[in-house]
Amino acid sequence: MEATGYRLIADEGELREAAARVSAAEYVGLDVETTALSPLDGRLRLLQLATPGGTFVVDLFGVGSLEPLRGVLEGGPVKVAHNSKFEYSFLKHECGIAVSPIFDTMLTSQLIAGGERGLSHSLEEVVRRYLGRELDKTVRAEDWSGDLSRRQLEYAARDAAVLLPLHGKLRRVLREEKLEYVARIEFAAVPSLAEMELAGIRLDRRRWRELERVVRERRDRVARELEAQLPQPEGVLPLEGLGPGINLNSPGQVIEAFRALGLDLPDTREWTLMRVDHPAAKLLLEYRELQKKLGTYLETYPDYIHPGTGRIHASFAQCRVPTGRLACSHPNIQQIPHEDEFRSCFVAGEGYLFVIADYSQIELRILAEVSGDEGFVRAFRQGEDLHRVTAATMFGVPMEEVTGEQRSAAKRINFGLAYGRGAQSLSAQLGTDEERARELIDEYFASYPKVQRYLQGAAEKALRQRTLRTLSGRVRKFGDTSGLDRKARSALRREAMNFPIQGSSADIAKLAMIHMRRELEGLDARLVNSIHDEFVVECREEIAGEVAERVRRSMLRAGETLLRRVPVEVEVAISPEWRK
DNA sequence: GGGCCGAGCCAC
DNA sequence: AAACGTGGCTCGGCCC
């Protein structure tokens with residue numbers, strides 16, 4: 001790698017001069033070094049700006065304020081960054097600067113990869129893949145809070161400088177691969193995600209603790225009843241209430257205990273236990289549910305409350321999921337149990353309310369759109385109850401005469417097909433035999449012939465052309481499909497049928513987040529959670545009505561941008577708690 | 001003590 | 001023998 005020239009900026013005068021030089025550039029590489037990984041816990045130390053004419057390394061412990069750079073960072077040249085959510089978050093939180101416009105080389109690499117597994121998207125790997133250069137990343141782990149070595153400064157400058165040739169290369173690839181539109185969506189969504197993380201969400205600690213106590217009592221009671229049913233393991237004296245007993249969380253020990261009862265289990269999954277006719281099996285299922293709630297949610301979530309803000313700041317990964325859905329972690333606030341007793345512990349702050357908005361049946365609307373099936377499209381256009389219409393057509397009865405059971409079967413098929421579900425699994429869910437399930441599917445496809453044609457077409461295309469796209473052009477690439485066994489082939493077919501539907505839904509959700517941020521700008525209102533087709537916005541109580549309308553408008557606009565033949569519907573609720 | 005993996009299960 | 005797409009988290013159980 002070539003020697004890196006850079007200029008260290010250590011006072012305000014030099015910074016103003018640098019800002020003037022940088023503002024003339026069309027693209028600048030942007031990178032920061034920080035004293036911690038979260039802006040809530042650490043500070044910016046260095047800010048690097050790379051232009052074709054040279055790289056500036058700004059020492060924030062020297063300049064004090066980045067105000068002279070505001071004009072460069074907000075508007076002005078395109079800022080090229082790798083994982084720009086990081087730069088955005090620090091600059092927004094620490095300086096109130098909203099970086100824009102953005103070109104993100106990590107998101108670009110992820111879009112181009114199309115969900116292929118095993119590809120790293122670290123700067124080091126992406127530079128190796130697209131530029132054929134080696135970057136030494138060993139300096140990153142060093143301490144950035146004290147005096148900086150020459151090596152550290154060079155490293156910092158080089159990381160920013162490499163973004164320019166990388167951008168040049170990736171821009172060409174984006175164009176060749178027809179990914180420019182979806183890339184624009186991703187880049188524009190970065191501020192929405194960053195600000196959602198910074199905002200965090202409030203968990204009512206007292207109510208959560210109370211719920212924990214109740215659930216723990218229930219669990220302990222079930223555990224005692226269950227242990228009374230199971231034989232004690234050998235070599236353990238049955239000391240009352242003191243025994244180590246068996247570990248109910250260990251599938252191995254549970255299988256052993258059931259064997260002693262004369263029940264041979266292949267595994268201890270829910271599906272297996274459900275059909276075991278023994279009170280211990282029912283108790284174990286009950287125990288599992290309570291243990292899951294306790295261990296995964298109740299005991300651990302309070303640890304995520306940030307001491308500084310008193311709120312939970314989860315992280316959202318923008319392009320980690322091949323379909324384009326967000327992934328959430330630390331903790332995952334997309335998987336809170338749906339029951340009100342859990343969700344209602346997430347509350348708006350004092351004087352604030354939640355606006356909770358979700359898309360109604362968005363994936364089925366997408367299926368209608370992409371398949372173009374007239375019956376399906378008509379049902380949505382006329383605002384009918386789709387499951388009822390489906391049942392009426394499938395079973396050949398008038399709408400008014402559809403029974404609850406028929407509607408429920410139709411609903412399960414409607415949803416199942418979007419996941420590529422087959423007769424076998426459908427029969428298990430409906431409690432019919434496989435032949436009957438096959439008949440139902442046939443009747444379904446007879447009612448909606450273009451849906452069948454579409455789904456089969458997607459599966460074939462994945463196998464033959466090995467690439468599929470969503471409505472925004474997001475691509476999913478499938479590896480070599482020639483050597484797959486039957487099982488792997490059918491798994492791939494199912495994935496192929498699902499990808500455009502789930503992926504287009506993610507496209508719409510991301511567009512909605514972009515619109516929403518603009519619609520809410522200047523209001524005391526912000527997005528605090530995003531659960532695929534649902535958004536939770538927190539706002540001052542006085543403006544909740546107005547915010548609800550703006551959220552609805554943003555979501556409808558996003559839906560209508562990508563769905564041209566099918567109407568979009570959004571349901572909005574206002575509540576001090578996260579609940580329906 | 002940390003890392004890894006499979007089983008199991010929560011969400012959409 | 002067994003399920004139906006996308007994830008993340010906790011646990012036991014194993015390794016170094």
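Residues numbered from 1 in each chain as written. Chains lettered and ligands numbered in written order. Predicted model: local features only at pLDDT ≥ 70, side-chain atom pairs only at ≥ 80, totals over all residues. Heavy atoms only, no water.

Chain A appears in an unreviewed UniProt entry as DNA polymerase I from Rubrobacter taiwanensis. According to the UniProt record, the Catalytic activity (unreviewed entry) comment for chain A is "DNA(n) + a 2'-deoxyribonucleoside 5'-triphosphate = DNA(n+1) + diphosphate". Note on chain A: under the UniProt heading Sequence similarities (unreviewed entry), the record states "Belongs to the DNA polymerase type-A family." (UniProt positions renumbered as here; feature names shortened; annotations may be inferred.)

A. Focus on the pairing of strand β3 (residues 44-51). The element β3 is largely enclosed, with a buried count of eight among its eight residues. With six bridges connecting them, strand β2 (residues 27-34) and β3 associate as antiparallel partners. Looking at the pairing, Gly29 lines up with Ala50 of β3. Bridge count between β3 and strand β4 (residues 54-59): six bridges; the pairing is antiparallel. When the bridges of β4 are listed, Leu47 appears paired with Val58. Counting the residues in the hairpin turn of β3 and β4 gives two residues. (Buried < 20%, exposed > 50% of the residue type's maximum accessible area, 1.4 Å probe, protein only. Helix = DSSP H or I, 4+ residues; strand = E, 2+ residues; numbered from the N terminus. Pairing = 2+ DSSP bridges.)

B. Inspection of the packing of aromatic side chains at higher detail. What the rule picks out here adds up to 13 aromatic pairs. Aromatic side chains Tyr297 and Phe342 sit 6.3 Å apart centroid to centroid with 70° between the ring planes, which places their arrangement in the edge-to-face category. Placement of the pair is Tyr297 in helix α13 (residues 279-298) and Phe342 in helix α14 (residues 340-343), with a sequence separation of 45 residues. Note on Phe342: relative accessible area 0%, which makes it buried. Seen from their ring centres, Tyr444 and Tyr448 are 5.2 Å apart, and the 75° between their planes marks the pair as edge-to-face. (Phe/Tyr/Trp six-rings, centres within 6.5 Å; stacked < 30°, edge-to-face > 60°.)

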